[in-house]
Amino acid sequence: MKGKLFGLGVGPGDPELLTLKALRLIQESDVIAVPGNEVKESVAYKIVKGVYEKLDEKQLIPISMPMTKDPAVLEANHKKAADDVEACLKEGKQVAFLTLGDPTVYSTYLYVHKRILERGYDVEIVSGITSFCAVAARLNMGLVEMAEPLHVIPATYNADTMDGILQMPGTKVLMKTGRKMKAVRESIIKSGQEAVMIEDCGMPTEKIYETAEEIPEQAGYYSLIIVKEKK
């Protein structure tokens, strides 16, 4: 009998934001797939470990997900990840694949999800708390009200058109800013809008920047900016 794969959102960083459903499925699963080359260095692993001490008693498998835009490298890694997961499913094991935030939002898990589905296995996505919702809550602010639109932008792919993006009405959530932080910061300041940024939300290394001017030109991977029109 074939096993089943669960893609579990473990939230943005605070272990207490792990859902009860995700925790139950982790406890019930035979194998825990963890993104990263070293399981115990993974942020997703640390989140779960924070509320489930027996995690190390599970079969833990690392899933390499390199930070690159090279299509050939990505394809090779996604195929290997799917192969590693499938090997466990063939043995009839239930696999829980940990992913930060929610699996449906810019998640590398989805590349594995699609391949496992195509190979005929039973697969299920379990929602987690998104980083931008957690950031808004941490700052005691709403994201949108009434008829305001919400735009979620992968900034590193759109830095060259950021001036135009920032002219869109409503709230702009800028994710994956990475090495484009300097250019994005300059665009925000030029737009005259209000902006806040949190780096490592819910983690021990969390930092809050309350204005666009405070945002550094370089910041960690887990940085998220919320831009709002001045009222």
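A brief look at the structure comes next.

Rules of the game
- Residues numbered from 1 in each chain as written.
- Predicted model: local features only at pLDDT ≥ 70, side-chain atom pairs only at ≥ 80, totals over all residues.
- Heavy atoms only, no water.
- Helix = DSSP H or I, 4+ residues; strand = E, 2+ residues; numbered from the N terminus.
- Buried < 20%, exposed > 50% of the residue type's maximum accessible area, 1.4 Å probe, protein only.
- Polar contact = N/O pair within 3.5 Å; in protein donor to acceptor, adjacent residues only side chain to side chain.
- Phe/Tyr/Trp six-rings, centres within 6.5 Å; stacked < 30°, edge-to-face > 60°.
- Lys NZ or Arg CZ within 6 Å of the ring centre and 35° of its normal.
- Salt bridge = Lys/Arg side-chain N within 4 Å of Asp/Glu carboxyl O.

## Looking at the environment of Asp-83
And step 1. Relative to the helices and strands, Asp-83 resides in helix H3 (residues 71-90).
And step 2. Using a relative accessible area of 30% as the deciding quantity, one classes Asp-83 as partly exposed.
And step 3. Through-space distance from the C-alpha of Asp-83 to that of Ile-116 is 8.6 Å; in sequence the pair is 33 residues apart.
And step 4. In terms of polar contacts, Asp-83 uses its side chain to reach the side chain of Arg-119, at 2.8 Å.

## Comments concerning the packing of aromatic side chains
And step 1. A full pass over the atoms with the stated rule returns two aromatic pairs.
And step 2. With a centroid separation of 5.0 Å and an interplanar angle of 80°, the aromatic rings of Tyr-221 and Tyr-222 are classed as edge-to-face.
And step 3. Note that Lys-2 overlies the ring of Tyr-121, its terminal NZ or CZ placed 4.6 Å from the centroid.

## A short note on the pattern of salt bridges
And step 1. Counted by the stated rule, this structure contains 13 salt bridges.
And step 2. A salt bridge links Asp-83 to Lys-79; its shortest N-O distance comes to 3.0 Å. A residue pair is termed a helical-turn pair when its members lie 3 or 4 positions apart in one helix, as Asp-83 and Lys-79 do in helix H3 at four residues.
And step 3. Its salt-bridge partner being Lys-93, residue Glu-91 comes within 3.0 Å of it at the nearest N-O pair.
And step 4. Note on Lys-93: relative accessible area 23%, which makes it partly exposed.

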